[in-house]
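Results of the structural survey
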Amino acid sequence: MTSPRSRVSRRIGSIAESATLAVDSAAKAMKAAGEDVIGFGAGEPDFPTPEHIVDAAVEAARDPKFHRYSPAAGLPQLREAVAAKTQRDSHYPAEAANTLITNGGKQAVYNTFAALLDPGDEVLLPAPYWTTYPESIALAGGRAVDVFAGPEQGYLVTVDQLEQALTERTKVLVFVSPSNPTGAVYPPEQVREIGRWAAERGLWVVTDEIYENLTYSEDAPFTSIASVPGLQDQVVILNGVAKTYAMTGWRVGWMVGPTDIIKAAANLQSHATSNVANVSQMAALAAITGPQDAVQEMKAAFDRRRQVIVEELNAVSGFSCPTPEGAFYAYVDVRGALGRPVEGVTPETSAELAEVILKNAQVAVVPGEAFGPSGFLRLSYALGDDDLLKGVRRIQDLLGTS
């Protein structure tokens, strides 16, 4: 007698739920039940989408030509605008044929690894990493090789670390600056050094530039690794409108790279989802070609919150929080808070500590296990000023101050 088959395929059954979305969902469910929960989980700006972008979407929704299928790779005018923007900001020689418009940044991540990887190919993945990268790599048949950089080195991996992790099966390096979850920004010279190393080793570089507009120091400007000479034919740039323009719900991302990779990914997308919603594409066009005043206003608010959250987190007993130089996350080393009794429980991991904080302080944070090793917590400061301060003060009240 044959054994019964699993109802879910092994490939899909092995994929973990998004930890950040799970935390956000838990917090929202508790709020819906009437609990006063403050959520630091989701990386989602609390601002409304700028009005001129919404107006462009309304106008597009009224135009019958946008009520029909459009090219799977994206509206031509948006592909051209993304190419021009990428030339300007990433110094990468892009044309419309080098771009693919995707259903959010996550589809760009999935498409890219699906287009690049064969079973058994290895991907160097600097850790801490965004929780979706290893799952997308696994879905494509690849194997993520973690390269961990802790707070003592500013959460920045070195060429020596990458070289030690290199094997004959290594095909891709993932490079993210500014970083989710740490907020770390690589200095220009270190970007160039890593880029030159990847070019010399013949590796593909997948660079996620979704937080390019969110850097806060002249000493740590955004620098695209795609601009490094010798990498142009072996780099894929991932980006989108979600974080810069408060458009997480509009679901528009893109990938930019060599035409053969873009064509292969577009073929995949033509069977998976076809075109991104036309109304959302026209909103994205207005975002990247229209006035940028709202971007600077949001950035100023994030900068203010960044300074507040770092000061308040460093006051928590056992917490150590480096100052993030980009994105809108604080990545806290909480190893000094583990192994101590809290409300009758002694958390030994950051996952257990996050549970204690949610249960006793009604504050939702994401544990380091979602991004690599235990011992850390990620808190997004893309939430209102009042909630931010109230939430961190609750953690102080629960764990004590130093």
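Residues numbered from 1 in each chain as written. Predicted model: local features only at pLDDT ≥ 70, side-chain atom pairs only at ≥ 80, totals over all residues. Heavy atoms only, no water.

Summed over all chains, the structure comprises 12 aromatic pairs. Plain terms: the ring middles of Trp-130 and Tyr-133 are 5.2 Å apart, the flat faces sit at 85° to each other, and that makes the pair edge-to-face. The exposure class of Trp-130 is buried, given its relative accessible area of 13%. Three or more aromatic residues joined by ring pairs make a cluster, and in this case those are Phe-47, Tyr-211, Phe-302, Phe-328 and Tyr-329. (Phe/Tyr/Trp six-rings, centres within 6.5 Å; stacked < 30°, edge-to-face > 60°. Buried < 20%, exposed > 50% of the residue type's maximum accessible area, 1.4 Å probe, protein only.)

This part takes up unusual backbone geometry. Here the amide bond leading from Ala-127 into Pro-128 is cis, since omega sits at 5°, within 30 degrees of zero. If you trace the backbone, Pro-128 turns up in the loop between strand S3 (122-127) and helix H6 (132-139). The omega torsion of the bond from Asn-180 to Pro-181 falls at 25°, within 30 degrees of zero and hence cis. As for its placement among the helices and strands, Pro-181 is situated in the loop between strand S5 (170-176) and helix H8 (188-201). Even without being glycine, Ala-246 reaches a positive phi, approximately 55°. Structurally, the position occupied by Ala-246 is in the loop between strand S7 (235-240) and strand S8 (253-256). Look at Ala-246 and you get buried, because its relative accessible area is 9%. Positive phi, close to 65°, is recorded for Ser-274, a residue that is not glycine. (Helix = DSSP H or I, 4+ residues; strand = E, 2+ residues; numbered from the N terminus.)

Within the open sheet, the 7 strands sit side by side as S2-S8-S7-S6-S5-S3-S4. Their pairing is mixed. Pairing within the sheet leaves two strands with one partner each, and these edge strands are strand S2 (99-102) and strand S4 (143-148). Sheet twist, expressed as the average angle between the axes of neighbouring strands with direction ignored, equals 20°. Inspection of the sheet shows S5 paired to strand S6 (residues 204-208) by 5 bridges, in the parallel sense. (Pairing = 2+ DSSP bridges. Axes fitted to C-alpha atoms, helices over the stretch in contact; angles between N-to-C directions.)

Of note, Thr-132 is situated in helix H6. As for Thr-132 and Lys-106, which are separated by 26 residues in sequence, their C-alpha atoms are 7.6 Å apart. If near-sequence neighbours (up to four positions away) are discounted, Thr-132 is found in contact with Lys-106 and Val-109. (Contact = heavy atoms within 4.5 Å.)

Of the pockets and cavities examined, the largest pocket occupies roughly 550 Å³. Here the lining of the largest pocket takes 5 residues from helix H5 (residues 104-116), the largest share from any one element. (1 Å grid on protein atoms, 1.4 Å probe; cavity = no way out; pocket = protein on both sides within 12 Å on 5 of 7 lines; lining within 4 Å. Points joined across faces, edges and corners; volume = space filled by probe spheres on them.)

As a further point, take the pairing of S5. Residues in a regular strand point their side chains to alternate faces of the sheet. Counting buried residues along S5, 6 of its 7 residues qualify, which places the element largely inside the surrounding structure. Summarising the sheet, S3 and S5 pair through 3 bridges and their orientation is parallel. Considered in S5, the bridge of Leu-124 is made with Leu-173. In this region the chain leaves S5, passes through H8 and returns to the parallel neighbour S6; the handedness of that crossover is right-handed. (Right-handed = clockwise from strand over helix to strand, strands pointing away.)

This part covers the pattern of salt bridges. Applying the stated rule across the entire model yields 14 salt bridges. Arg-394 serves as the salt-bridge partner of Asp-36, at 2.5 Å between the closest nitrogen and oxygen. Taken together, the residues Asp-36 in the loop between helix H2 (19-32) and strand S1 (38-39) and Arg-394 in helix H13 (residues 385-399) connect sequence positions 358 residues apart. One salt bridge in this structure joins Glu-312 and Arg-393, with 3.0 Å as the shortest N-O distance. With a gap of 81 residues between them, Glu-312 in helix H11 (residues 293-313) and Arg-393 in helix H13 connect regions that are remote in the sequence. Residue classification places Arg-393 among the partly exposed residues on the basis of a relative accessible area of 38%. Several salt bridges share partner residues, and in doing so they unite Asp-46, Arg-304, Arg-305 and Asp-385 into one network. (Salt bridge = Lys/Arg side-chain N within 4 Å of Asp/Glu carboxyl O.)

Let us now look at the UniProt feature "domain: Aminotransferase class I/classII large" (unreviewed entry) in the protein chain. Mapped onto this numbering, the UniProt entry gives "domain: Aminotransferase class I/classII large" (unreviewed entry) at residues 36-390. Structurally, residues 36-390 is divided into 37% helix and 15% strand, and its ends, taken at the C-alpha atoms, are 11 Å apart. (UniProt positions renumbered as here; feature names shortened; annotations may be inferred.)

On to the packing of H5 against H6. Following both chains from N to C, one finds H5 and H6 inclined at 40°, their axes separated by 8 Å at the closest point. When the axes of H5 and H6 are compared, the pair comes out oblique. Where H5 crosses over H6, the two elements pack in a sense that is right-handed. Judged by residue contacts, Lys-106, Val-109, Tyr-110 and Phe-113 of H5 engage Thr-132, Tyr-133, Ser-136, Ile-137 and Leu-139 from H6. When its residues are assigned to classes, the contact of H5 with H6 shows 6 nonpolar, 2 polar and 1 charged. (Parallel < 35°, antiparallel > 145°, perpendicular 65-115°, else oblique. Left-handed = near helix turned anticlockwise from the far one by under 90°. Nonpolar A, V, L, I, M, F, W, Y, C, P; charged D, E, K, R; others polar.)

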